[in-house]
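Now for the letters of each chain:
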Amino acid sequence: MLFRSELVRVRGNRVGLPGKMDLVVGRLSRAAAGFGFVVPEHADAGDRDVFVAPPAMADAMHGDRVVVRIERHTDRGPDGRIVQILERAHDTIVGRLETTGRGLAYVVPFDPKVGVDVQIPTGDTGAAEPGDMVVVAVTAWPTASRGPVGRVVEVIGQVGEAGVDTQVIIRKYRLPD
């Protein structure tokens, strides 16, 4: 019986066993400083998390299920580069809506591990005002040349209003209300 992460698709539409190709499948745990660690899904005793430097993150975001290629082994453990994103962790992001002097809108994520602001196209802010805490649906994932793009799907309220902080936590962790 095969687990879903035992085979991965690589370039040229080929499949292979990750362990035979210096690949690890796991979840990305990203730090606010930009680096991260891929925690292996099926770790054997002695397997260590794979360190990923900021330039090797590709377009991955915190919590994504990824394939990382081990590029070298150091005293602190393996270093790698993300080569494929298998599954996105979140389709919504909670944050504070801001605007530039030119009227462009973006959302600063509440969770610093997200690492990048979400751009909001003109007309996709809904009824949100600058300074509102909002929930954004990601409509375009980040690429090498731009960050994620989204649209406001819910206005939680202004920072500092009673109950807004609780609602932000509920939305961020998808807790029952």
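On a predicted model such as this, the values are computed, not experimentally measured, just so you know.

### Digging into the layout of surface pockets
Part 1 of the reasoning: Each pocket or cavity is described by its volume, and for the second largest pocket that value is around 310 Å³.
Part 2 of the reasoning: Along the wall of the second largest pocket there are 18 residues; nearest its centre are H90, T92, D111, V114 and K172.
Part 3 of the reasoning: At the level of elements, β8 (92–99) and α1 (164–172) are the ones that each hand at least two residues to the lining of the second largest pocket.
Part 4 of the reasoning: When residues in the lining of the second largest pocket are grouped by element, the largest group, three residues, is from β8.

### Some thoughts on the nonpolar core
The nonpolar side chains of a soluble globular protein tend to be buried with one another.
Part 1 of the reasoning: The biggest cluster of nonpolar side chains holds 13 residues, and the ones touching the most others in it are I93, L97, V107, V118, I120, V134 and V136.
Part 2 of the reasoning: When residues of this core are traced back to their parent elements, those giving at least two are β8, β9 (105–109), β10 (118–120) and β11 (132–140).
Part 3 of the reasoning: Considering each element in turn, this core owes the most residues, three residues, to β11.
Part 4 of the reasoning: Each residue touching V107, except ones within four places of it in the same chain, is listed here: G95, R96, L97, D117, V118, I120, V134 and V136.
Part 5 of the reasoning: The next biggest cluster of nonpolar side chains, apart from the first, holds twelve residues, and it includes V24, V68, I70 and I82.

### A word on α1
Part 1 of the reasoning: Three or more residues of α1 are buried, namely V164, V168 and I170. Take α1 and look down its axis: the buried residues cluster within an arc of 165°, on one side only.
Part 2 of the reasoning: Packing partners of the buried residues in α1 comprise β8, β11 and β12 (149–158).
Part 3 of the reasoning: Phi turns positive one or two residues past the end of α1, at R174, with a value near 50°.

### Considering unusual backbone geometry
Part 1 of the reasoning: Even without being glycine, A58 reaches a positive phi, approximately 60°.
Part 2 of the reasoning: Judged by relative accessible area, which is 51%, A58 ranks as exposed.
Part 3 of the reasoning: The phi dihedral of R174 falls on the positive side, at around 50°, and the residue is not glycine.
Part 4 of the reasoning: Residue placement: R174 occurs in the segment after α1.
Part 5 of the reasoning: With a relative accessible area of 43%, R174 lands in the partly exposed category.

### Details of the sheet that holds strand β3 (residues 23–30)
Part 1 of the reasoning: An order of β3-β4-β5-β7-β6 is seen for the five strands of this closed barrel, with the pairing classed as mixed. Put simply, the sheet's adjacent strands are angled 50° from each other on average, direction ignored.
Part 2 of the reasoning: Inspection of the sheet shows strand β4 (residues 36–40) paired to strand β5 (residues 50–52) by three bridges, in the antiparallel sense. Considered in β5, the bridge of V38 is made with V50.

### Re the pattern of salt bridges
Part 1 of the reasoning: Counted under the stated rule, the structure contains ten salt bridges.
Part 2 of the reasoning: For R96, the salt bridge goes to E98, with nearest N and O atoms at 2.4 Å.
Part 3 of the reasoning: Relative accessible area serves as the criterion here: at 32%, R96 is assigned to the partly exposed category.
Part 4 of the reasoning: Overlapping salt bridges bring together R72, R76 and D79 as one network.

### Thoughts on the side chain of D111
Part 1 of the reasoning: Along the polypeptide, D111 turns up in the loop between β9 and β10.
Part 2 of the reasoning: For D111, the side chain forms a polar contact with the side chain of K172, separated by 3.2 Å.
Part 3 of the reasoning: Other than its neighbours up to four places away in sequence, D111 contacts H62 and K172.

### A word on the environment of E98
Part 1 of the reasoning: Within the element layout of this structure, E98 appears in strand β8.
Part 2 of the reasoning: Along the sequence, E98 and D132 sit 34 residues apart, while their C-alpha atoms lie 8.1 Å from each other.
Part 3 of the reasoning: Those residues in contact with E98 that sit more than four places away from it in its chain are L104, A105, Y106 and V108.
Part 4 of the reasoning: A polar contact is formed between the side chain of E98 and the side chain of R96, at a distance of 2.4 Å.

Rules used throughout
- Residues numbered from 1 in each chain as written.
- Predicted model: local features only at pLDDT ≥ 70, side-chain atom pairs only at ≥ 80, totals over all residues.
- Heavy atoms only, no water.
- 1 Å grid on protein atoms, 1.4 Å probe; cavity = no way out; pocket = protein on both sides within 12 Å on 5 of 7 lines; lining within 4 Å.
- Points joined across faces, edges and corners; volume = space filled by probe spheres on them.
- Helix = DSSP H or I, 4+ residues; strand = E, 2+ residues; numbered from the N terminus.
- Core = buried A, V, L, I, M, F, W, Y, C linked by side-chain atoms within 4.5 Å.
- Buried < 20%, exposed > 50% of the residue type's maximum accessible area, 1.4 Å probe, protein only.
- Contact = heavy atoms within 4.5 Å.
- Arc of directions from axis to C-beta.
- Pairing = 2+ DSSP bridges.
- Axes fitted to C-alpha atoms, helices over the stretch in contact; angles between N-to-C directions.
- Salt bridge = Lys/Arg side-chain N within 4 Å of Asp/Glu carboxyl O.
- Polar contact = N/O pair within 3.5 Å; in protein donor to acceptor, adjacent residues only side chain to side chain.

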